[in-house]
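Examination of the molecular architecture
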Amino acid sequence: MPNPRPSHTSLPPGIDPGHVPVHVACVMDGNGRWASSRGLPRTEGHAAGEEALLDTVEGALDLGIRWLTMFAFSTENWRRPAEEVRYLMEFNESLLVHRRDELNEKGVRIRFSGRRDWRVPRRVLRRMDESIALTRGNRRMTLTMAFNYGGRAEIVDAVRSLVSDGVQPADVTEKAIRSRTYHPDQPDPDLVVRTSGEFRISNFLLWQIAYSELVFTDVLWPDFRRQHLFDAVAEYQRRERRYGGVRG
Ligand code: IPE
Ligand code: IPE
Ligand code: MG
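An account of the accompanying structure is given in this report. The residue numbers shown here count from 1 along each chain, following its written sequence. Written order determines the labels here, with chains lettered from A and ligands numbered from 1. The predicted origin of the model limits local features to residues at a pLDDT of at least 70 and limits the giving and counting of side-chain atom pairs to 80 or more, whereas totals for whole chains, interfaces and linings rest on all residues. The side-chain quantities take in all heavy atoms of the structure and omit both hydrogens and water.

Helical segments are the DSSP runs of H or I of at least four residues, strand segments are the runs of E of at least two, and each set is numbered from the N terminus. For the chain, the helix and strand inventory stands at seven helices and six strands. Going from the N terminus to the C terminus, the chain shows its helices and strands as β-α-α-β-α-β-α-β-α-α-β-β-α. In terms of overall dimensions, the chain is globule-like: its C-alpha atoms have a radius of gyration of 18 Å, near the 18 Å expected for 248 residues. With a 1.4 Å probe rolled over the protein chains alone, any residue whose accessible area is under 20% of its type maximum counts as buried; one over 50% counts as exposed, and the rest are partly exposed. The 248 residues of the chain split such that 51% are buried. Considering only contacts within the chain whose residues lie at least 6 apart along the sequence, 77% involve residues at least 24 apart. Throughout, the Shrake-Rupley method with a 1.4 Å probe supplies accessible areas, and for residues the shown protein chains are the sole cover considered. By element, 51% of the accessible surface of the chain is carried by carbon and sulfur atoms, the whole surface being about 12500 Å². Charged-residue counts in this description rest on Lys and Arg as positive and Asp and Glu as negative, His and the chain ends being excluded. Throughout, a charge is located at the NZ atom of Lys, the CZ atom of Arg, the CG atom of Asp or the CD atom of Glu. Across the chain, the 37 positively charged side chains and the 34 negatively charged ones have centroids separated by 3 Å. The quantity called the radius of gyration is restricted to C-alpha atoms. Its globule counterpart is 2.2 Å times the number of residues to the power 0.38. Any two residues whose heavy atoms approach within 4.5 Å are treated as being in contact.

Here it is as structure tokens:
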């Protein structure tokens, strides 16, 4: 897929312009620990993550990354204390209200990945729909917020859709499953970045990350800035992707 870069941006040193990942996905983790280490409530860590998110989007635009997917709330995060869940719902809603015009002006198309089930407050769904509608025509970059997202839930939803359409066993192919994922037009992530020193996937994009390169960093999400993204991309560029084949 062509990956044109706006000519007014210059790439940071150490990044090969011919080899920028098309799709980068991030697990934004460590907000709670960031706050606790400062004697603050966990929710302050989520609030501090807003700047990290916006700076990362800017960095991705600088690099010419076309698809950026950010894990904001998992299907398992409902297990958290009700007060924290309520905070996260309101936080994500207000983040959209604050930031969508700015993102729209930058040419970012906003989308969401996840279940729109009864647990997501109607007001949040409305803001999501408004943000999608506002930015629908943008093509510089697609920012997908994975919200009430679970990789297993996505696969279950894809299988349900195949079964309910009466797809025959012989027609259940990888292509057919992909076509029923939440965003079949989205290329698989080339690079997945997880912050906060945890070495796990936590149910993120299970189908799509089959051959993604994984980069883990100890930086806690609220401290993450575009330079950390550049470092992760430089690390990605040192990897050799073989897809089960042999060295080319
Ligand atoms: C990531 O930070 C944000 C969400 C999962 C919503 P955490 O809240 O998981 O922070 P830690 O991992 O407890 O430090
Ligand atoms: C993954 O982080 C989910 C998001 C970043 C939204 P978690 O903090 O929920 O993951 P675990 O519980 O440490 O695996
Ligand atoms: Mg966490």
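Throughout this document, a residue counts as near a molecule or strand when at least one of its heavy atoms sits within 4 Å of that molecule or strand. Taken together, the residues surrounding ligand 1 are Met28, Asp29, Gly30, Asn31, Gly32, Arg33, Arg42, His46, Ala72, Asn77, Arg80 and Leu88. One of the backbone nitrogen or oxygen atoms of Gly30 is found 3.3 Å away from an oxygen atom of ligand 1. Between ligand 1 and Arg33 there is a distance of 2.7 Å, counted from an oxygen atom to a side-chain nitrogen or oxygen. For ligand 1, whose free accessible area comes to 380 Å², the fraction covered by protein is 88%. For the shell around ligand 1, the secondary-structure elements that each account for two or more residues are α1 (31-36) and α2 (42-63). Considering every element that reaches the shell around ligand 1, the biggest residue donor is α1, with three residues. Side-chain classes are defined by residue name, with Ala, Val, Leu, Ile, Met, Phe, Trp, Tyr, Cys and Pro counting as nonpolar, Asp, Glu, Lys and Arg as charged, and the others, Gly among them, as polar. The class makeup of the residues in the shell around ligand 1 is three nonpolar, five polar and four charged. We call two N or O atoms a polar contact when they sit within 3.5 Å, provided that within protein one can donate a hydrogen and the other can accept it, with sequence-adjacent residues counted only if both atoms are side-chain atoms.

So, about the nonpolar core. Core analysis: the biggest nonpolar cluster contains 48 residues, and Leu53, Val57, Met70 and Leu143 have the highest contact counts within it. Sequence-distant contacts of Met70, defined by excluding residues within four places in its chain, comprise Cys26, Met28, Leu53, Thr56, Leu143, Thr144, Met145, Ala146 and Trp221. What makes a nonpolar core is a set of buried Ala, Val, Leu, Ile, Met, Phe, Trp, Tyr and Cys residues whose side-chain atoms join them at distances within 4.5 Å. In this structure, Phe71, Tyr149, Val192 and Phe204 belong to the second largest nonpolar core, which totals ten residues.

Around ligand 2, the neighbouring residues are Val27, Met28, Asp29, Phe71, Ala72, Phe73, Asn77, Arg80, Arg194, Arg200 and Ser202. For ligand 2, an oxygen atom lies 2.9 Å from a polar atom in the side chain of Asn77. One nitrogen or oxygen atom from the side chain of Ser202 is found 2.6 Å from an oxygen atom belonging to ligand 2. Taken by itself ligand 2 offers 390 Å² of open surface, and the protein chains cover 78% of this. Of all the elements, strand β2 (residues 67-74) adds the most residues to the shell around ligand 2, at three residues.

Stacked, edge-to-face and tilted labels apply to pairs of Phe, Tyr and Trp rings (six-membered ring for Trp) whose centres lie within 6.5 Å, assigned for plane angles under 30 degrees, over 60, and everything in between, in that order. Applying the stated rule across the entire model yields ten aromatic pairs. Arranged with centres 4.9 Å apart and planes meeting at 75 degrees, the rings of Phe73 and Trp78 form a pair that is edge-to-face. No difference in accessibility class separates Phe73 from Trp78, as the two residues are buried. Geometrically, the ring pair formed by Trp221 and Phe224 is stacked, given 5.0 Å between the ring centres and 20 degrees between the ring planes. Three or more aromatic residues link up through ring pairs in this structure, and these residues are Phe71, Tyr149, Tyr182 and Phe204.

A few words now on the packing of helix α3 (residues 82-105) against helix α4 (residues 122-135). What counts as an axis is a line fitted to C-alpha atoms, over the stretch in contact for a helix, and the angles between N-to-C directions run from 0 to 180 degrees. Between α3 and α4, the least distance of the axes is 9 Å, while the angle of their chain directions is 15 degrees. By the angle between their directions, the pair α3 and α4 is classed as roughly parallel. The chirality of how α3 crosses α4 is left-handed. Judged by residue contacts, Met89, Glu90, Glu93, Leu96, Val97, Arg100, Asp101 and Asn104 of α3 engage Arg123, Val124, Arg127, Met128, Glu130, Ser131, Leu134 and Thr135 from α4. Oblique is the label for any angle not under 35 degrees, not over 145, and not in the 65 to 115 range, which are roughly parallel, roughly antiparallel and roughly perpendicular in turn. Left-handed describes a crossing whose near helix is turned anticlockwise from the far helix through less than a right angle; right-handed describes the clockwise counterpart.

So, about the side chain of His23. With respect to the helices and strands, the residue His23 is situated in strand β1 (residues 23-27). When its relative accessible area of 0% is taken as the criterion, His23 is described as buried. Within the structure, His23 has its side chain in polar contact with the backbone oxygen of Pro187 (distance 2.7 Å). Leave out the neighbours within four places in its chain, and His23 touches Trp67, Leu68, Thr69, Gln186, Pro187, Asp188, Pro189, Asp190 and Leu191.

Burial along strand β5 (residues 191-194) is two-sided: the residues Leu191 and Val193 and Val192 and Arg194 are all buried. Should DSSP find at least two bridges between two strands, the strands are regarded as paired. Here β1 runs beside β5; their pairing, made up of four bridges, is parallel. Its bridge partner being in β5, Val24 is matched across the sheet by Leu191. Two elements, β5 and strand β6 (residues 213-216), share four bridges in a ladder whose sense is parallel. By the bridge assignment for β6, Val192 is matched with Leu214.

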